[in-house]
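Chain and residue survey
Here's the letter readout for the chains.
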Amino acid sequence: MAEGAAVVGTGAPVRKPVRRGRWVPYALLAPGLLWLVVFFVVPMITLGSQSLQEGNIDEGYVFTGNVSIYADAVQRYWPHLLRSVGYAGTATVLALLLGYPLAYFMAQKAGRWKNILLILVIAPFFTSFLIRTLAWRNILSDDGPVVAFAQSIGFTSLLQAIGLTSNDTLLASKFAVICGLTYNFLPFMILPLYASLERLDPRLVEAAGDLYASPREAFRRVTWPLSLPGVVAGTLLTFIPAAGDFINSRLLGNTETVMIGQVIDSQFLRVLDYPLAAALSFILLTMIVVLVTFYVRKAGTEELV
Amino acid sequence: MNDKIPTPMQAAFLRGALSRRTLMTGAAGLGVTALAACGSKGRSPSNSASGSATPTAKAAQDMSDTDKLINWSNWQQYIDVSDDEKSRPTLDAFTKATGIKVNYTEDYNDNDEFYAKVRPLLAGGQDTGRDVWCSTDWMVARLIRQGYVQPLDKANIPNAKNLEAAFQDVSFDPGRKYSLPWQAGFACIGFNTKATGGKKVTTMTQLLTDPALKGKVTLLSEMRDTVGLVLLDQGKDPSNFTKADFEAAIAMIQKAKDAGQIQKFTGNDYTDGLSAGDIAACVAWSGDVASLSLDAPELELTLPEAGYTLWSDNFVIPAMAKHKKNAEKLINYYYDPKVMAEVEAWVNYISPVAGTKEAVAAIDKDLGSNQLIFPSTETLSKAKKFRDLSAQEESEFTRMFTNLATG
């Protein structure tokens with residue numbers, strides 16, 4: 001750090017590091033640190049203390065340090081926690097399956113269409129998240145053409161048979177929630193994948209071919225490992241927000257698809273049970289951190305954490 | 001109640017009116033002086049002791065004269081709209097007559113949700129950005145209790161004399177110091193015959209068990225309406241029930257939920273799904289379905305034989321509202337029966353303004369006999385008001401119901 005500072009401070013490569021430049025990195029870090037303290041550390045501490053309070057809305061809440069609320073929360077809401085992880089995981093896998101070929105095509109094969117395709121991927125961001133999800137409600141509406149088509153080819157019966165929907169429509173089901181999550185977070189998967197696949201040198205794949213690797217083998221040994229940072233970044237950017245999402249399950253789901261984000265939302269804003277809501281937020285946070293750490297270790301890119 | 005014989009409407013509203021809350025307020029009254037002596041400012045209810053005095057709402061400097069504006073938050077489908085749905089005739093007429101612009105926002109989807117939205121601001125003594133909104137009876141009780149709403153200056157609302165006697169003395173706001181009703185109505189069963197295959201839905205039992213409706217039923221997240229209808233279906237009276245009755249009603253809903261009968265619990269936003277046919281049948285508010293059915297004849301409503309709940313939504317002016325006087329002028333304007341008649345012709349709810357019936361008959365003869373706007377004694381005899389709940393009951397019941405709705 002000192003060396004870096006010296007370079008910044010003097011611009012002369014030969015001179016010995018001098019003291020005077022030391023504060024520069026700290027000064028540069030200060031706005032970011034301040035931001036983190038104000039908008040991350042302070043709210044976290046507030047939330048933590050809130051989770052250990054007892055009382056009700058009329059009389060106010062007092063800190064009692066009652067930790068048992070965490071046990072109660074897990075006991076009551078473990079199905080929702082599991083469900084959230086399940087839906088978010090499924091959506092992440094689907095987004096990867098959809099996103100990888102698309103990102104690969106854009107990065108390696110699209111030529112002059114590259115930028116246009118990139119804009120098309122980002123275009124949905126020009127409208128609000130909420131509007132896009134509400135649009136899905138219209139698209140999948142029971143009287144709409146999509147449902148009629150899905151019924152005619154037996155797709156709805158298939159979904160019903162495997163338990164993803166509860167009747168022969170698409171809306172208000174697990175299926176709709178997972179589709180909504182996949183759709184909404186797909187760009188977060190594609191963009192990091194695109195970034196890492198774009199850097200991939202096509203000559204490496206050619207070289208693999210020269211060394212008698214079949215295309216499949218070349219993908220397995222060259223392309224995939226080199227795109228792994230993008231895969232890890234993309235899956236994290238998809239999974240983490242998807243696990244805490246409450247819009248998709250609220251708008252596209254039914255009473256059996258309630259995700260933990262929705263429970264936290266209603267405990268905070270409806271029941272006004274702040275301690276329980278805060279505790280649930282922490283449980284979700286811990287769960288995600290544990291899962292992500294495990295995953296990143298497994299994926300072999302420790303430098304990301 | 002003087003010595004007059006109560007009208008059917010009065011009787012309906014008075015049923016269960018002498019409640020625990022009334023008793024509690026009396027008891028709390030004794031505490032008032034004690035607390036006041038302790039120097040409690042009583043403006044921050046979240047810090048005050050339990051069951052304490054009603055804190056008074058803080059008033060902001062009234063900018064009504066310089067700032068010709070009102071911010072009004074209301075429920076969906078709750079005011080007259082022109083045929084092209086681009087303007088609201090009565091509001092426009094108000095603006096034309098007074099020069100006061102009204103920002104009418106339909107962001108009141110559900111009492112709890114709305115309360116959660118404005119509570120942090122009210123508790124912090126801040127302006128909510130709203131000058132007036134319409135809360136349901138029990139929510140008005142809470143807002144008054146917590147000192148979040150300001151007393152109305154009746155000098156600015158001379159038309160308040162037109163208030164129907166039935167709405168005059170209500171348990172949650174004796175003497176109507178803080179609130180004036182906007183509309184009243186019934187919770188009922190609404191259904192879309194296209195989605196039910198022409199079938200009528202007539203009872204809550206059918207709504208909660210008919211396999212033809214599986215997964216296409218929604219209930220209101222408004223506990224008093226949903227549970228009230230179930231209580232009535234089970235032969236209980238929402239204006240006089242026990243905890244066991246409540247639990248039995250919850251159990252019936254739970255069973256339907258476990259069977260996959262219920263798609264969702266909704267606020268006022270159920271109207272979209274019902275019109276689209278994604279919701280086949282639901283617990284609905286009478287006027288919503290009635291006004292929607294004017295353009296969509298497939299939408300129908302049932303007032304169940306077993307009975308239905310009666311509620312009213314009331315104008316209140318929150319603490320720190322910037323345009324209190326303007327808001328009072330607005331309330332005064334709507335308390336003119338001729339204006340209210342125009343609103344009723346569109347919203348199909350019960351008018352709290354005396355003389356509306358005659359004014360409505362002048363617009364459309366048939367409307368005068370509409371049971372939803374001008375219910376007969378017979379219609380009203382089956383309408384029940386959900387009884388007041390003590391603070392403890394309220395939090396206990398709300399918790400039970402919300403766990404069901406989101407669990």
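Residue positions are given per chain, counted from 1 along the sequence in the order it is written. The naming scheme follows written order: chains are lettered A onward, ligands numbered 1 onward. Totals for whole chains, interfaces and linings use all residues, but because this is a predicted model, local features are given only for residues with pLDDT of at least 70 and pairs of side-chain atoms are given and counted only at 80 or more. For the side-chain quantities, the full set of heavy atoms in the structure was used; hydrogens and water were omitted.

Moving on: helix α4 (residues 111-123) of chain B. Elements are defined by DSSP. Helices are runs of H or I of four residues or more, strands are runs of E of two residues or more, and each kind is numbered from the N terminus. Expected helix span is given by 1.5 Å per residue-to-residue step, counting one fewer step than there are residues. Here α4 of chain B spans 17 Å end to end across 13 residues, near enough to the 18 Å set by a 1.5 Å rise per residue. With a 1.4 Å probe rolled over the protein chains alone, any residue whose accessible area is under 20% of its type maximum counts as buried; one over 50% counts as exposed, and the rest are partly exposed. Of the residues making up α4 of chain B, those classed as buried are Asn111, Asp112, Phe114, Tyr115, Ala116, Val118, Arg119, Leu122 and Ala123 of chain B. Residue contacts are counted whenever heavy atoms from the two residues lie within 4.5 Å of one another. Where α4 of chain B is buried, its residues touch α12 (260-269) and α13 (274-299) of chain A together with β1 (69-73), β3 (132-136), α5 (137-145) and β10 (308-318) of chain B. Distance and chemistry together define a polar contact, namely a pair of N or O atoms within 3.5 Å, with one atom able to donate a hydrogen and the other to accept it when in protein, and with adjacent residues in sequence counting only for side-chain atoms on both sides. With a side-chain oxygen positioned 2.9 Å from the backbone nitrogen of aspartate 112 of chain B, the residue opening α4 of chain B is aspartate 110 of chain B.

Okay, the pairing of strand β7 (residues 262-266) of chain B next. Residue and element names in this part refer to chain B. Counting buried positions over the five residues of β7 gives five, a clear majority of the element. Here the rule is simple: two strands pair whenever DSSP picks up at least two bridges between them. Strand direction decides the pairing type here: strand β6 (residues 217-220) and β7, joined by four bridges, are parallel. Bridge pairing in β7 places threonine 218 opposite lysine 264.

On to the environment of tryptophan 23 of chain A. One can find tryptophan 23 of chain A in helix α2 (residues 23-51). Of the residues examined, tryptophan 23 of chain A reaches a relative accessible area of 56% and is grouped as exposed.

Residues and elements named next belong to chain B. Here pLDDT means the predictor's own confidence in every residue, given as a number from 0 to 100. Mean pLDDT for chain B: 86, with 86% of residues reaching 70 or above. Taken as a whole, residues 15-52 scores under 50 in pLDDT and shows 41 contacts with residues more than four places along the chain or in a different chain. Across the whole predicted complex the pTM is 0.81, and at the interface the ipTM reaches 0.76.

Taken together, the 32 residues of chain A in the interface contact 31 residues of chain B. For any pair of parts, buried area is found by adding up, for both, the accessible area (1.4 Å probe) each one loses once the two are put together. Overall, the association of chain A and chain B removes approximately 2500 Å² of surface from exposure, summing both partners, and the carbon and sulfur fraction of that is 44%. One side-chain nitrogen of Lys or Arg within 4 Å of one carboxyl oxygen of Asp or Glu is enough to make a salt bridge. The interface formed by chain A and chain B includes five salt bridges. For lysine 216 of chain B, the salt bridge goes to aspartate 142 of chain A, with nearest N and O atoms at 2.9 Å.

Residues and elements named next belong to chain B. With 116 residues, the main nonpolar core has Trp72, Trp182, Leu207, Leu219, Val227, Leu330 and Tyr334 as its most contacted residues. No other element matches the seven residues that strand β5 (residues 179-192) contributes to this core. Residues within four places of valine 227 in sequence aside, it is in contact with Phe246, Ala249, Ile250, Ile253 and Phe401. Put simply, buried Ala, Val, Leu, Ile, Met, Phe, Trp, Tyr and Cys residues joined by side-chain atoms within 4.5 Å make one nonpolar core.

Below, the discussion takes up the pattern of salt bridges. In this structure the tally under the stated criterion is 26 salt bridges over all chains. For glutamate 106 of chain B, the salt bridge identified is with arginine 88 of chain B, shortest N-O distance 4.0 Å. Taken as a pair, glutamate 106 of chain B in the loop between β2 (101-105) and α4 and arginine 88 of chain B in the loop between β1 and α3 (89-98) lie far apart in primary sequence, 18 residues in all. For glutamate 106 of chain B, a relative accessible area of 38% gives the class partly exposed. For arginine 88 of chain B, a relative accessible area of 25% translates into the label partly exposed. The network of salt bridges with shared partners includes Arg270 of chain A together with Asp110, Asp112 and Glu113 of chain B.

This next bit is on unusual backbone geometry. Residues and elements named next belong to chain B. One non-glycine residue with positive phi stands out, namely methionine 320, at about 65 degrees. The residue methionine 320 is located in the loop between β10 and α12 (324-334) in this model. Relative accessible area serves as the criterion here: at 16%, methionine 320 is assigned to the buried category.

Attention now goes to the environment of leucine 207 of chain B. Within the secondary structure, leucine 207 of chain B sits in helix α7 (residues 204-209). With residues up to four places along the chain from it excluded, the contact list for leucine 207 of chain B reads Ile189, Val201, Leu213, Val217, Leu219, Gln261, Ala281, Cys282 and Val283 of chain B.

All right, on to α13 of chain A then. Over its 26 residues, α13 of chain A runs 37 Å from end to end, which matches the ideal 38 Å to within 8%, given 1.5 Å per residue. Two to three positions downstream of the cap, the backbone nitrogen of leucine 276 of chain A sits 3.3 Å from a side-chain oxygen, assigning the N-cap of α13 of chain A to aspartate 273 of chain A.

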